[in-house]
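Notes for the structure review
In case you want the letters, here they are:
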Amino acid sequence: MVIDACHEERADQRPRLPVRRAFTLGVAGLLTAAGVLTLAGTASAASTLGGAAAAKGRYFGAAVAANHLGEGQYAATLDTEFNAVTPENEMKWESVEGSRNSFNFGAADQIVSHAQGKSMKIRGHTLVWHSQLPGWVGGLGATDLRSAMNNHITKVMQHYQGKIYAWDVVNEAFQDGGSGARRSSPFQDKLGDGFIEEAFRTARAADPNAKLCYNDYNTDGQNAKSNAVYAMVKDFKARGVPIDCVGFQSHFNSQSPVPGDYQQNLQRFADLGVDVQITELDIEGSGSAQADSYRRVTQACLAVSRCTGITVWGIPDKYSWRASGTPLLFDDNYGKKPAYDAVLAALGGSGGGDGGGGGGRSCTVSYAETQRWGDRFNGQVTVRAGSSAISGWTVTVTLRSAQTVSATWNGSPSWDSSGKVMTMKPNGNGNLGAGASTSFGFTVMANGDWSAPTIGSCTAS
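Residues numbered from 1 in each chain as written. Predicted model: local features only at pLDDT ≥ 70, side-chain atom pairs only at ≥ 80, totals over all residues. Heavy atoms only, no water.

Quick notes on the overall build of the protein
Note the threshold: Here a strand is any run of E in DSSP of at least two residues, a helix any run of H or I of at least four, and the numbering for each starts at the N terminus. Relative accessibility decides the category of a residue: with a 1.4 Å probe and only protein chains considered, values under 20% of the type maximum give buried, values over 50% give exposed, and everything between is partly exposed. Areas reported here follow the Shrake-Rupley algorithm with a probe of radius 1.4 Å; residue values treat only the protein chains shown as occluding.
Scanning the protein for helices and strands turns up 12 helices and 19 strands. When each of the 461 residues of the protein is scored for burial, the buried share is 55%. For the protein, the exposed surface amounts to about 17,100 Å²; the carbon and sulfur share of it is 48%.

As structure tokens, this is what we get:
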């Protein structure tokens, strides 16, 4: 039996102003920082989900299965469209610690390595959960169970320290229905209500830099379950228990549609001082109805400044845990569905591209910083063909010593051995007619240095 997600079937589911810097270079020019200027012209819209989301200061991710990464279309769609990943099953307790204190990270490492090679964010999923739990865990007494839980959190997080953007530390700890009570599990039954707090404190000690999230389903609108989670998060924030984010799984269908108060519910959690993330989005259906639901979810995230990203729970419909409901953005043959177009449009992206033929071999580049946050900024490089059409281009981006790139879009990056020089080539946007332009972008983690990266000359082909 293949388990594709972290849940059973459920019946009742429910900016800052940008700072712009602009420069233009000739074929042999180099770019250096030179003060704040206005950007002439209009930036090209991103043409992928990840690119469009990144331009809005967010990620757009997919749940990934290691055993599909060898499939060409699967990997190509992942690499082109998404800038974040969540392992579907490979980081769950039964997968990494089937026997006590004996860890196997092989499949999870495969996903992490692939994502790092594409500069994608990685969400860790999940550390403490009542399901997909090896039998030996439930057989432990309270003292041994506490030790095993803390050891599992520590060993897994330390193995991936510095690689994981956010962890689902505790998953699905509350009951469905109107009680708002905790769910029965080995952890709840033997360790009591305090196990969640202990798990978060242990997680903070294991990796102080990772975002720590609580993740659940049927919490998308205001109801007894979401109110109970809200009360827990409010209590944690008041007492200094380390929690950084709340994940909303957001599995919808015609019986459990997107709630009318979805955005307001996300906002009330954000107002507690935590990020909110849509962690496992899928919406059963097809056509315009499905597209409209996806659009509403995307717009809700964009309207909440602390909604940091969206993850869909799979790539093509055929690999979804709810495949019969065709709930994803790509059909079985990786064709883009109306829901895809709705999401891309809601993110401000465009599905169009520049055409062109062969001929001349010249191009120029210009750079702009398009958005800035407290720890990072987005840079965009516009590539413009010369007096003749081109079929390809290459541009280098050199970071300052303290800086790192956390995301890229609309290009295919490679790196030198220092990790500071990125060579960007087209990702389906290489053909440019005479005078036509395209753009690629990247997110720079400043690490204290807000200088513009150096953009090398454009080489045409």
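Additional details are given in the paragraphs that follow.
Quick word on the nonpolar core
Counted only if it meets this: To form a nonpolar core, buried Ala, Val, Leu, Ile, Met, Phe, Trp, Tyr and Cys residues must be joined to one another through side-chain atoms within 4.5 Å.
By size, the foremost hydrophobic cluster in this structure holds 95 residues, and its most contacted members are Phe-60, Trp-167, Val-170, Phe-200 and Leu-329. Core analysis: the second largest hydrophobic core is formed by 24 residues, Val-397, Leu-399, Val-444 and Ala-452 among them.

What to know about the packing of aromatic side chains
Where we set the bar: The rule is short: rings of Phe, Tyr and Trp, with Trp giving its six-membered ring, pair when the centres are within 6.5 Å, and they are stacked under 30 degrees, edge-to-face over 60, tilted in between. Two thresholds decide whether a charge sits over a ring: the Lys NZ or Arg CZ must be within 6 Å of the ring centre and within 35 degrees of the ring normal.
Throughout the structure, instances matching the rule amount to 19 aromatic pairs. Each ring, one from Tyr-367 and one from Phe-442, has its centre 6.3 Å from the other, and the planes form 25°; the classification is stacked. With Tyr-367 in strand S11 (residues 363-372) and Phe-442 in strand S17 (residues 437-445), this residue pair connects regions lying 75 residues apart in the sequence. This pair shows no difference in class: Tyr-367 is buried, exactly as Phe-442 is. Each ring, one from Trp-393 and one from Phe-440, has its centre 5.6 Å from the other, and the planes form 10°; the classification is stacked. One end of the pair, Trp-393, is in strand S13 (residues 393-398); the other, Phe-440, is in strand S17, with 47 residues separating them in the sequence. This pair shows no difference in class: Trp-393 is buried, exactly as Phe-440 is. If you follow Lys-121 out to its NZ or CZ, it ends over the ring of Tyr-165, 4.2 Å from the centre. One cation-aromatic arrangement involves Lys-225 over Tyr-217; the distance from NZ or CZ to the ring centre is 3.6 Å.

Re the pairing of S17
As a reminder of what qualifies: Two strands pair if DSSP finds at least two bridges between them.
The buried fraction of S17 is high, at 9 of 9 residues. Covered by surrounding structure in S17 are Ser-437, Ser-439, Gly-441, Thr-443 and Met-445 together with Thr-438, Phe-440, Phe-442 and Val-444, the residues of both alternating faces. As judged from the 9 bridges shared by strand S12 (residues 376-385) and S17, these two strands associate in the antiparallel manner. Paired with Gly-379 across the two strands is Phe-442, which belongs to S17. Where strand S14 (residues 404-409) and S17 come together, 5 bridges link them in antiparallel fashion. Paired with Thr-404 across the strands is Met-445, a residue of S17.

Thoughts on empty space enclosed by the protein
This is how it is decided: A 1.4 Å probe that fits into a set of points on a 1 Å grid over the protein atoms alone but cannot get out defines a cavity; an open set with protein on both sides within 12 Å along at least five of seven lines defines a pocket, and lining residues are those with an atom within 4 Å of a point. Grid points are joined across faces, edges and corners, and a volume is the space filled by probe spheres set on the points. Classification used: nonpolar for Ala, Val, Leu, Ile, Met, Phe, Trp, Tyr, Cys and Pro, charged for Asp, Glu, Lys and Arg, polar for all others including Gly.
As a volume, the largest cavity reaches approximately 70 Å³. Around the largest cavity, the lining residues are Val-128, Trp-129, His-130, Val-170, Asn-171, Glu-172, Ala-173, Arg-183, Ser-185, Phe-187, Gln-188 and Phe-195. If you list the elements that add at least two residues to the lining of the largest cavity, you get strand S4 (121-129), strand S5 (166-171) and helix H7 (186-191). Within the lining of the largest cavity, the residues separate by chemical class into 6 nonpolar, 4 polar and 2 charged. Each pocket or cavity is described by its volume, and for the second largest cavity that value is around 40 Å³. Per element, the largest residue contribution to the lining of the second largest cavity is 3 residues, and it comes from helix H11 (residues 287-303). Taken together, the residues of the lining of the second largest cavity sort by class into 6 nonpolar, 1 polar and 1 charged.

Overview of the side chain of Thr-308
The criterion, for reference: It only takes one pair of heavy atoms within 4.5 Å for two residues to be counted as in contact.
Relative to the assigned elements, Thr-308 resides in strand S10 (residues 307-312). On the accessibility criterion, Thr-308 (16% relative accessible area) is buried. Non-local contacts of Thr-308, meaning those with residues more than four positions away in its chain, are made with Gly-57, Arg-58, Tyr-59, Tyr-165, Asp-275, Val-276 and Gln-277.

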